[in-house]
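What follows is each chain in one-letter form.
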Amino acid sequence: MAIPVVNLADFLSGDPQLKQQFVEQLGKAYEETGFVAVKNHGIPDDLISDIYRQVQQFFSLPTEKKKQYEIPELAGQRGYTSFGREHAKGSDAPDLKEFYQHGQTVEDGDASKDEYPDNVQIDEVPGFTDTFNKAYRAFEKSGKSLLQAIALYLGLDEHYFDEPIHNGNSILRAIHYPPITQEPKSAIRAEQHEDINLITLLVGASADGLQILTKQGDWVGVTSLPEQIVVNVGDMLQRLTNNRLRSTTHRVVNPPREFWHTSRFSIPFFLHPKSQMSLACLESCIDPGHPKAYPDATAGEYLDERLREIGLKK
Ligand SMILES: O=C(O)CCC(=O)C(=O)O
Ligand SMILES: [Fe+2]
């Protein structure tokens with residue numbers, strides 16, 4: 001299925017009409033489908049190719065080496081998580097993936113520094129940490145613009161999200177789905193789920209296999225062009241907007257048999273606010289037809305609850 005395509009350059013053009021048109025397109029798509037493809041997203045091409053190359057180098061290290069970068073006390077939030085450890089909420093079967101996670105580096109003395117564990121340094125891949133730091137900032141920047149458009153769509157101040165996401169608890173995750181070597185027990189590489197965070201920015205041409213669940217209950221493949229990134233609404237934004245914007249269920253399915261021997265890589269950026277941000281439903285999204293659907297919670301409280309549900313936190 002071709003998801004709606006929006007052009008971030010319209011939002012940043014300085015032309016009020018183009019900007020407003022972008023806001024409407026993005027908001028409508030997030031009410032309907034919860035997913036868009038974004039072109040002119042601002043993540044430099046050479047950064048995308050660097051990160052993919054280094055991620056492939058990392059995952060091709062011997063398992064024993066990678067496991068040295070696994071820190072169970074950090075609940076997978078930094079460093080490496082080995083194959084078969086994470087499962088989707090409500091599912092017993094683990095996903096067929098291994099991944100690496102990179103978090104925020106606070107550079108301005110903000111108190112949130114104490115909340116975040118350090119990133120794990122990967123010694124075997126030259127430039128790895130530097131590339132992840134650069135990509136992290138690039139995703140934050142694109143995500144900030146997209147959230148400004150969302151704020152305008154919701155009738156909020158354009159800069160509503162700016163402060164809560166500054167030094168936010170976002171995660172840059174590199175995922176490897178290894179080749180399938182025998183008849184798999186299930187057709188699923190990553191079981192159906194909704195993302196926890198505000199929005200997710202997903203980069204990469206390797207995106208075949210991603211499917212979303214439509215309102216009609218059908219699974220449809222998401223396709224986007226190599227120069228586009230896929231950006232979807234997560235549960236925190238759905239909760240804040242009292243279900244007005246949709247955190248759409250999605251999954252990753254196995255490729256056809258002739259592609260079993262291939263790996264799949266993907267690099268989602270889960271954009272989180274600081275833990276103190278209130279996710280209490282916005283007044284403007286509550287009315288008699290849409291009574292308040294969630295109790296008040298902060299982003300930090302909600303994240304803890306969700307990490308327990310997916311088996312990463314005890
Ligand atoms: O691998 C993908 O394309 C998507 C992964 C995903 O949905 C996730 O990690 O939340
Ligand atoms: Fe996801």
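Treat the numbers as computed from the prediction; the structure is a model and nothing was measured.

Draft legend 1. Spotlight on the packing of helix α3 (residues 45–59) against helix α5 (residues 128–153). The contact between α3 and α5 brings their axes to 10 Å, and the two run at 135°. Viewed along their axes, α3 and α5 adopt a mutual orientation that is oblique. Here α3 runs over α5; the crossing is left-handed. Each of Leu47, Asp50, Ile51, Gln54 and Phe58 in α3 lies in contact with α5, whose residues at this interface are Phe128, Thr131, Lys134, Ala135 and Ala138.

Draft legend 2. Molecular detail of the pairing of strand β2 (residues 35–39). The buried fraction of β2 amounts to four of the five residues, a majority that puts the element mostly inside the structure. The pairing of strand β1 (residues 5–7) with β2 spans three bridges and is parallel. For asparagine 7, the partnering residue across the bridge sits in β2 and is lysine 39.

Draft legend 3. Molecular detail of the environment of leucine 154. Here leucine 154 lies in the loop between α5 and α6 (162–165). Residue classification places leucine 154 among the buried positions, given that 20 C-beta atoms sit within 10 Å. In the structure, leucine 154 is positioned 127 residues away from glycine 27 in sequence and 8.1 Å away in space, judged by C-alpha atoms. Leaving out residues up to four positions away in the same chain, leucine 154 has contacts with Thr241, Leu282 and Ser284.

Draft legend 4. Quick look at the environment of glutamate 115. Residue position: glutamate 115 is located in the loop between β4 (98–102) and α5. Along the primary structure glutamate 115 and asparagine 167 are separated by 52 residues, whereas in three dimensions their C-alpha atoms are 11 Å apart.

Draft legend 5. Quick peek at unusual backbone geometry. Backbone geometry places asparagine 167, a non-glycine residue, at a positive phi of 60°. The residue asparagine 167 is located in the loop between α6 and β5 (171–177) in this model. Phi is positive for asparagine 242, which is not a glycine, with a value near 50°. Mapped onto the fold, asparagine 242 is located in the loop between α7 (235–240) and β11 (250–253).

Draft legend 6. A look at α5. End to end, α5 covers 37 Å across 26 residues, agreeing with the expected 38 Å (1.5 Å per residue, within 8%). Immediately downstream of α5, the backbone of glycine 155 shows phi near 75°, a positive value.

Draft legend 7. Inspection of the pairing of strand β10 (residues 229–233) at higher detail. Within β10, five of the five residues are buried, leaving the element largely enclosed by the surrounding structure. What you see with β10 is no split at all: Ile229, Val231 and Val233 on one side and Val230 and Asn232 on the other are buried throughout. Pairing of β2 with β10 involves four bridges; the strand directions are antiparallel. Counterpart to valine 36 in the pairing with β10 is valine 231. Strand direction decides the pairing type here: strand β7 (residues 199–203) and β10, joined by four bridges, are antiparallel. Directly across from leucine 202, in β10, lies its bridge partner valine 230.

Draft legend 8. Examining helix α2 (residues 16–32) more closely. Along its 17 residues, α2 runs 24 Å from first to last C-alpha, staying within 8% of the 24 Å computed at 1.5 Å per residue. Every buried residue belonging to α2 is among Phe22, Val23, Leu26, Ala29 and Tyr30, and all of these are buried. One side of α2 carries all its buried residues, which in axial view fall inside an arc of 140°. The outward face of α2, more than 90 degrees from its buried face, is lined by the exposed residues Pro16 and Gln17. Contact partners of the buried residues in α2: β1, α1 (8–11), β2, α5 and β10.

Conventions we followed
- Residues numbered from 1 in each chain as written.
- Chains lettered and ligands numbered in written order.
- Predicted model: local features only at pLDDT ≥ 70, side-chain atom pairs only at ≥ 80, totals over all residues.
- Axes fitted to C-alpha atoms, helices over the stretch in contact; angles between N-to-C directions.
- Helix = DSSP H or I, 4+ residues; strand = E, 2+ residues; numbered from the N terminus.
- Parallel < 35°, antiparallel > 145°, perpendicular 65-115°, else oblique.
- Left-handed = near helix turned anticlockwise from the far one by under 90°.
- Contact = placed C-beta atoms within 7 Å.
- Buried ≥ 20, exposed ≤ 12 C-beta atoms within 10 Å, placed from the backbone.
- Pairing = 2+ DSSP bridges.
- Expected span 1.5 Å × (residues − 1).
- Arc of directions from axis to C-beta.

Spatial relationships are all this shows, so hold off on functional conclusions.
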